[in-house]
Amino acid sequence: MTETPMPGMVPWPEELVEFYRSEGLWQDRNLFQYIEDTARSSPSKTALVDTGDGSRLSYREVIDRANAAAWRMRELGFREQDRVVIVLPNSWQLVVLLLACFRTGVIPVMALAGHRRYELTHISARSQARALFTMDTWRDFDFRPLTQELENEVDTLEWSFIARDHGPHARSLDDLLAPLDLSPAQTAELDAISIDPLLPALFQLSGGTTGLPKLITRTHNDYAYNIEVCSEVAGLTEDDVQLAALPLTHNFGLACPGVLGALTVGATSVLAPSPNPVKVFEAMEQEQVTTAVVVPAVAQRWIAHEAEHRTGKTVSLRVLQVGGSRMPDELAPRVQAVLGATLQQVYGMAEGLINMTRLDDPEEVITTTQGRPVSPHDEVRIVDPEGNDLPDGERGLLLTRGPYTPRGYFNAPEANEKSFLDGWYCPGDVVVRRPDGNLVVQGRDKDIINRGGEKISAEEVESLLYQIDGVEQLAVVAMPDEVYGEKVCLYAVIRDGHTLTLEQACEHLREVGIAAHNLPERIEIVDRLPMTKIRKIDKKVLREDIAAKLAAEEQ
Ligand code: OOB
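Residues numbered from 1 in each chain as written. Predicted model: local features only at pLDDT ≥ 70, side-chain atom pairs only at ≥ 80, totals over all residues. Heavy atoms only, no water.

## Overview of the sheet that holds strand β29 (residues 522–525)
- Pairing is mixed across the open sheet formed by 3 strands, whose spatial order is β27-β28-β29. The outermost strands of the open sheet, each flanked by one partner alone, are β27 (471–481) and β29. When strand polarity is set aside, the average angle formed by the axes of neighbouring strands in this sheet is 25°.
- With 10 bridges connecting them, β27 and strand β28 (residues 485–494) associate as antiparallel partners. Within β28, the position partnered with Val 471 by the bridge is Ile 494.
- Along the sheet face, helix α19 (residues 539–554) touches β27, β28 and β29 and points at about 55° away from the line of β27. (Pairing = 2+ DSSP bridges. Helix = DSSP H or I, 4+ residues; strand = E, 2+ residues; numbered from the N terminus. Axes fitted to C-alpha atoms, helices over the stretch in contact; angles between N-to-C directions. Contact = heavy atoms within 4.5 Å.)

Set out below in C-alpha cells:
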C-alpha cells in the first residue's frame, strides 16, 4: 500500500498509482490548471451563463474571480486540506468557488441545496469543516438562521459565507468572489501552493444505504481522468453549449463530463437553477444548447412538454444525457422522436465507475441498456451472493474497481468493510451484462429509495420516524411513480389510542430538519407488517402491496 497522503483516506495500491501515471491516465495536475489552460487559449469566450441571475462570465473572468477568491481565502487563513461545505444551487458562484478551492487545495464537500439541518450537521461534523458556503434563500428556504445554528452546533465551523443578502452574522460570498487585480507577486504566491494530486480535490457524498451520507474522496488525479474519459465518450468539444439542469454538486452534472468537462474542453456551460421546461427551453433556444444532463424524471417532463406544446426550441440539442435512476424502456425512444436529440444513458455513481451508451451505438443498445464502462481500465464483475463470478446474461451484483473508483470512504472503516471487498466497490446494484458488454440495471440489493435520482436511506428515515409517540412498527418502501420512478411510502403499525397521519409524520421529519426529498408521500396504517422467515420486515411484500394498490386505484 502507498503511504496515505491524508489520514482517513484509503489509497490505491502503489503499483497501480505508478501504472496509472506511466499510462498517462493520471497526469499529476491540479483540476484548476486544466481550466486555466482553456482560459489562456480562449480568454474572451463565454464560459458560464447563469440563467438564474442572468450573469455571463468569460473564461478570463471565471479564472480571475477564482484567483481573487483563492487569494482572499488564503488571507483569511484557509489552508490546504481544510474542508468547507458547499450548499449552493446551480449558479456561477458555485463554479467559481469550486475553482478557488481547487486552486488553494481547500477541499469542498458537495452537499445539496436541498439538505437541511439534519444532514448538514452531520456532513459538517464528519468532514470537520471550517466553513459553510450558501445562499440567502433558495426555494422559499432561508439559510441564514440555519448557518448560525450550524456554527453553534459544530465545533470546527468558524465561518459562513452567504451569496446575495448575507445578513448581519455571516460574511458575504459575493465579496469573496468579487474581482481583484492580483499583483504578479500575489499570483506567484498562489502558484507556489503545492498541492499533491493524490490528495482529494473534493468530497462527494454517497447515496448510501445505511445512515447518513459518507464522504467519498475524489483526488485531483482520478477526477481529472474521470472528466477526460467522460468528455471523450460524450463527444464534448469546444463547439458545445452544455446545459446543466440537475444539481451540479452531484457527480453526474459536475464531472461526467458535466460543467468541469465543459470548462476543460472550452465549451460554454449554461447553468439552470431549476429543470422547469418552460424556462429551460427558453434558455436552450437563446443559447443554442447542444447537450444537456438530466435524470429520467426531468427527461420525461421535457418530453411531455414538447409533445404537448411543440415549441421547436430543442432543435439545437444534439445529445441528452440521462442517468441517476433507471430510464424506463418505453421513454427512451421518445428522446430522439420528440426532442430530436441522441439519448446517452449514463449509469454511474459518485464512488466512481461511469457507464455510458455510445453516441453511435445501435438504437436498441441506446434505448434498452445503461451502457458500458467509459474507460478500458475499468473492471466490472457480476457476482452471485457468495461472490462467485457469473457468466454474461445472468443477473448478479456488480463489483467494480479502476482508475477513478476510490478504494474506500473517508474515515469510515466499518462502512468500507461492507461496501469494499478486497478493493472492489459494491454499489448494491443488480445488473446483467450482455455479451456485447452493455449493462442493464435490473434492480438493487440495498435498502434505498431512488426518487428521481435522489437516493433516500430507508433505514435513516425509519429511525427518525420511530421517535414518534405511539408508533409500534414501521417501514418505508419505494412505491412506483410515473414521474419520479419511485417515491417513499410509509407503512406503520400504531398502538391503541394513537393515530398517525401522513402530515404528522412529515411534520416530525421537517422538525428534525431532514431534506424534503426524504418525506413519505403516502401512509398505509396496518395491523401488522409481513415478516420473513428470519423475522425481518418483508419489504418485498410491502412493495408489491403498494404497487398493486396504486394499480387498482388507477383503474
Ligand atoms: C449517480 O450517482 P449516485 O452516487 O447518486 O447514485 C449511484 C446509484 C447507482 O449505484 C444506482 O443504484 C443508481 O444510482 N443509478 C442508476 C443509474 N444511474 C445511477 N440506476 C439505474 N440506471 C441508471 N442509469 O446517480 C450518478 C453519478 C454519475 C453519473 C450518473 C449517475
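Further notes follow.
## Here's the deal with the layout of surface pockets
- Size it by volume and the second largest pocket reaches roughly 1,100 Å³.
- As for the second largest pocket, its lining consists of 44 residues, of which Gly 114, Trp 138, Arg 139, Glu 454 and His 517 are closest to the centre.
- Listed by contribution, the elements that provide at least two residues to the lining of the second largest pocket are β7 (141–142), α6 (143–153) and α13 (296–309).
- There are two domains that each give the lining of the second largest pocket at least three residues, and those are domain 1 (14–377) and domain 2 (448–554). (1 Å grid on protein atoms, 1.4 Å probe; cavity = no way out; pocket = protein on both sides within 12 Å on 5 of 7 lines; lining within 4 Å. Points joined across faces, edges and corners; volume = space filled by probe spheres on them. Domains from an automatic or database assignment.)

## Considering the domain arrangement of the chain
- By the assigned domains, the chain splits into domain 1 (14–377) and domain 2 (448–554).
- Relative to domain 2, the C-alpha centre of domain 1 lies at a distance of 32 Å.
- The interface of domain 1 with domain 2 comprises 19 residues on the first partner and 21 residues on the second.
- Summed over both sides, the interface between domain 1 and domain 2 buries roughly 1,500 Å², with carbon and sulfur atoms accounting for 50% of that surface.
- In this assembly, domain 1 and domain 2 are joined by 0 salt bridges.
- Listed by contribution, the elements that provide at least two residues to the side of domain 1 that touches domain 2 are α5 (117–127) and α13. (Buried area = accessible area lost by both parts, 1.4 Å probe. Salt bridge = Lys/Arg side-chain N within 4 Å of Asp/Glu carboxyl O.)

## Quick word on the site of the ligand
- As a matter of local geometry, the ligand sits amid 21 residues, with Gly 324, Val 346, Ala 350, Asp 429 and Lys 455 nearest to it.
- Ser 325 places a main-chain nitrogen or oxygen 3.4 Å from a nitrogen atom of the ligand.
- Here an oxygen atom of the ligand and a side-chain polar atom of Lys 446 are 3.1 Å apart.
- Protein chains shield 93% of the accessible area of the ligand, which is 600 Å² for the free molecule.
- Those elements that provide at least two residues to the shell around the ligand are α10 (251–255) and β16 (342–349). (Near = heavy atom within 4 Å. Polar contact = N/O pair within 3.5 Å; in protein donor to acceptor, adjacent residues only side chain to side chain. Areas by Shrake-Rupley, 256 points an atom, 1.4 Å probe, with all protein chains shown as cover.)

## Focus: the pairing of strand β1 (residues 46–50)
- Burial within β1 is extensive, with 4 of its 5 residues counted as buried.
- As paired elements, β1 and strand β2 (residues 56–58) share 3 bridges and run antiparallel to each other. Within the sheet, the bridge partner assigned to Thr 46 lies in β2 and is Ser 58.
- Hairpin connection between β1 and β2: a loop of 5 residues separates the two successive antiparallel strands, and Gly 54 in this loop has a positive phi of roughly 80°.
- Pairing of β1 with strand β13 (residues 268–271), which is carried by 3 bridges, proceeds in the parallel orientation. When the bridges of β13 are listed, Val 49 appears paired with Val 270. (Buried < 20%, exposed > 50% of the residue type's maximum accessible area, 1.4 Å probe, protein only.)

## Quick look at empty space enclosed by the protein
- Throughout the structure, instances matching the rule amount to 2 cavities of 30 Å³ or more.
- For the second largest cavity, the full set of lining residues is Ala 234, Leu 236, Gln 242, Pro 257, Thr 291, Val 293, Arg 318, Val 319 and Gln 321.
- Residue assignment for the lining of the second largest cavity shows that the elements contributing at least two residues are β14 (291–294) and β15 (319–323).
- Of the residues assigned to the lining of the second largest cavity, the class counts are 5 nonpolar, 3 polar and 1 charged. (Nonpolar A, V, L, I, M, F, W, Y, C, P; charged D, E, K, R; others polar.)

## Things to note about the side chain of Glu 524
- By the element assignment, Glu 524 lies in strand β29.
- With a relative accessible area of 11%, Glu 524 lands in the buried category.
- A polar contact of 3.3 Å, which involves the side chain of Glu 524, links it to the side chain of Lys 549.
- Apart from the residues lying within four places of it in its own chain, the contact partners of Glu 524 are Cys 489, Leu 490, Tyr 491, Ala 492, Ile 546 and Lys 549.

## What to know about the packing of aromatic side chains
- According to the stated counting rule, one finds 12 aromatic pairs in the structure shown.
- Aromatic side chains Phe 203 and Phe 410 sit 4.9 Å apart centroid to centroid with 40° between the ring planes, which places their arrangement in the tilted category. Note that Phe 203 is positioned in strand β10 (residues 200–205) and Phe 410 in the loop between β20 (396–401) and α16 (413–419), a separation of 207 residues in sequence. Residue Phe 203 shares its accessibility class with Phe 410, and that shared class is buried.
- Taken together, a centroid distance of 6.1 Å and an interplanar angle of 55° make the contact between Tyr 225 and Tyr 404 tilted. Here Tyr 404 lies in the loop between β20 and α16 and Tyr 225 lies in helix α9 (residues 220–233), a separation of 179 residues in the sequence. (Phe/Tyr/Trp six-rings, centres within 6.5 Å; stacked < 30°, edge-to-face > 60°.)

## Regarding the packing of helix α2 (residues 31–41) against helix α3 (residues 59–76)
- At a closest axis distance of 8 Å, the pairing of α2 and α3 adopts a crossing angle of 140°. When the axes of α2 and α3 are compared, the pair comes out oblique. As for how α2 packs across α3, the hand of that crossing is left-handed. Across from Phe 32, Ile 35, Glu 36, Thr 38 and Ala 39 in α2, the residues of α3 making contact are Tyr 59, Arg 60, Ile 63, Ala 66 and Asn 67.
- When grouped by side-chain class, the residues that make up the contact of α2 with α3 number 6 nonpolar, 2 polar and 2 charged. (Parallel < 35°, antiparallel > 145°, perpendicular 65-115°, else oblique. Left-handed = near helix turned anticlockwise from the far one by under 90°.)

## Overview of the pattern of salt bridges
- For the structure shown, the criterion picks out 41 salt bridges.
- As a salt-bridge pair, Glu 544 and Lys 540 come within 3.5 Å of each other at their nearest N and O atoms. Within this pair, Glu 544 and its partner Lys 540 are both found in helix α19, separated by 4 residues, close to a single helical turn.
- Residue classification places Lys 540 among the exposed positions, given a relative accessible area of 53%.
- One connected set of salt bridges, linked through shared partners, spans Arg 522, Glu 524, Asp 545, Lys 549 and Glu 553.

## Observations regarding the sheet that holds strand β18 (residues 372–373)
- Strand order in the open sheet formed by 9 strands is β2-β1-β13-β12-β14-β15-β16-β17-β18, with mixed pairing between adjacent strands. Of all strands in the sheet, those bounded by a partner on one side alone are β2 and β18.
- Relative to β16, β15 is paired through 5 bridges, and the arrangement is parallel. In the sheet register, Val 322 faces β16, and the bridge partner there is Gln 345.
- The strands touched by helix α4 (residues 92–104) within the sheet are β1, β2 and β13, with β1 carrying the most contacts at an inclination of about 135°.
- Contacts from α9 reach β16 and β17 (352–356) within the one sheet, and its direction differs from that of β17 by about 5°.

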